[in-house]
Amino acid sequence: MALLSLSLAACEDNTGIEFNDVPVVEGYLYEGNPVEIQLTRKSPFDTELNLDPADLDALNINIKSEGKNYVLLPQGDGLYRSGNDGLTIQAGQTYQLEFEFKGKTVSAETTVLAKPFGFTQDATSISIPQISFPPSGGRPNFPDPVKLNWNNADQSYYLLVVENTETNPDPIFDLGITRPSRLFRVEPTQNNTFELRIQQFQYYGQHRVILYHINPEYALLYQDSGDNSLNLKSPPTNVKNGLGIFTAISSDTLYLNVTR
């Protein structure tokens, strides 16, 4: 999955209010994968304020679970990664992030949800005629949407991502302009079904259809905060004494082939 990047700026202005230096956490836990935590800091409006980036590489980053403590290793540029100490991410377990920054304890907690269950599709291949502009000939015949289903008895959140896997895929819409992204995603839903329509696809070839089971803190990142220059709000975060997100994600994958 192409992880969502967090772009966070300070809400303080430069009229004498002291800048509050807090870390920005970006941590996504995947079952069976190593742990990576990326730390940055929100940017002050005062460009003359010097903040040493080395501060972010000299922290004692801890992951706690099941009564055990694991120390992450600094990789440079604020990136920390698990070592060979036996830390494994498992479904159903809760993990706590904790470290000290500027005299405060920064902490967050998340639980690894089970992978999606009962994820199915009603077609493994669809045929879409290539569309050029201006169009020629009569109206093309478009296929029915591909219907996806999964179990969601507890109405938890799911995120759908579809990615073309071809090295140099042929475009469906021959527009003669910059090639569009090979990936699209659907905002988090608490439903148990979704229809993939032909307008969402940009290329022919094999596609990965990935369904992510996500926690509420991740779903909040997609909600429109309504921020504007006159109404600055704090971005959603589940990090105490910090900003950003520490969350766990699990997934299941299907494949769909798009042909002419």
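Residues numbered from 1 in each chain as written. Predicted model: local features only at pLDDT ≥ 70, side-chain atom pairs only at ≥ 80, totals over all residues. Heavy atoms only, no water.

## Notes on the overall build of the chain
Phase 1 of the analysis: The helix and strand tally for the chain stands at one helix and 18 strands.
Phase 2 of the analysis: Counting the 260 residues in the chain, one finds 37% classified as buried.
Phase 3 of the analysis: Excluding contacts between residues fewer than 6 apart, the proportion of contacts in the chain whose partners are at least 24 apart in sequence is 71%.
Phase 4 of the analysis: Accessible surface for the chain amounts to roughly 14,500 Å². Of this, 46% is attributable to carbon and sulfur atoms. (Helix = DSSP H or I, 4+ residues; strand = E, 2+ residues; numbered from the N terminus. Buried < 20%, exposed > 50% of the residue type's maximum accessible area, 1.4 Å probe, protein only. Contact = heavy atoms within 4.5 Å. Areas by Shrake-Rupley, 256 points an atom, 1.4 Å probe, with all protein chains shown as cover.)

## Structural notes on the pattern of salt bridges
Phase 1 of the analysis: Taken as a whole, this structure holds eight salt bridges when the rule is applied.
Phase 2 of the analysis: Put simply, Asp55 and Arg41 hold a salt bridge, and the shortest N to O gap is 3.8 Å. Here the residue Asp55 occupies a position in the loop between strand S2 (36-41) and strand S3 (62-65), and Arg41 occupies one in strand S2, the gap between them amounting to 14 residues.
Phase 3 of the analysis: Owing to a relative accessible area of 26%, Asp55 belongs among the partly exposed residues under this scheme. (Salt bridge = Lys/Arg side-chain N within 4 Å of Asp/Glu carboxyl O.)

## A short note on unusual backbone geometry
Phase 1 of the analysis: The phi angle at Asp77 is positive, at roughly 55°, despite the residue not being glycine.
Phase 2 of the analysis: As for its position among the elements, Asp77 is in the loop between strand S5 (73-76) and strand S6 (79-81).
Phase 3 of the analysis: A relative accessible area of 71% means that Asp77 is categorised as exposed.
Phase 4 of the analysis: Of note, the phi angle at Lys102 is positive, near 55°, even though the residue is not glycine.
Phase 5 of the analysis: With respect to the helices and strands, Lys102 occurs in the loop between strand S7 (94-101) and strand S8 (104-111).
Phase 6 of the analysis: The exposure class of Lys102 is exposed, given its relative accessible area of 53%.

## Considerations on the packing of aromatic side chains
Phase 1 of the analysis: A complete count under the given rule lists four aromatic pairs for this structure.
Phase 2 of the analysis: For the pair Tyr28 and Tyr218, a centre-to-centre distance of 5.6 Å together with 55° between the ring planes defines the contact as tilted. Placement of the pair is Tyr28 in strand S1 (residues 23-30) and Tyr218 in helix H1 (residues 216-219), with a sequence separation of 190 residues. Taken as a pair, Tyr28 and Tyr218 share a single burial class, namely buried. (Phe/Tyr/Trp six-rings, centres within 6.5 Å; stacked < 30°, edge-to-face > 60°.)

## A few points about the sheet that holds strand S16 (residues 193-196)
Phase 1 of the analysis: If you trace the three strands from one edge of the open sheet to the other, you get S9-S12-S16, paired in antiparallel fashion. The sheet is open, and its two borders are formed by strand S9 (120-121) and S16, each paired with just one other strand.
Phase 2 of the analysis: Pairing geometry for S9 and strand S12 (residues 146-149), over two bridges, is antiparallel. Paired with Gln121 across the strands is Leu148, a residue of S12. (Pairing = 2+ DSSP bridges.)

## So, the confidence of the model for the chain
Phase 1 of the analysis: On average, residues of the chain carry a pLDDT of 85, and 78% of them reach 70 or more.
Phase 2 of the analysis: Across residues 1-15 the pLDDT falls below 50, and counting only partners more than four positions away or on other chains, this stretch makes 42 contacts in the model.
Phase 3 of the analysis: For the stretch residues 225-232, pLDDT sits under 50, and the model shows five contacts to residues farther than four places along the chain or on other chains. (pLDDT = per-residue confidence, 0-100.)

## A short note on the pairing of S2
Phase 1 of the analysis: Burial along S2 is one-sided: the residues Ile37, Leu39 and Arg41 are buried and none of Glu36, Gln38 and Thr40 is.
Phase 2 of the analysis: The pairing of S1 with S2 spans five bridges and is classified as antiparallel. By the bridge assignment for S2, Pro23 is matched with Arg41.
Phase 3 of the analysis: Between the end of S1 and the start of S2, which pair antiparallel, lie five residues, with Gly32 showing a positive phi angle near 80°.

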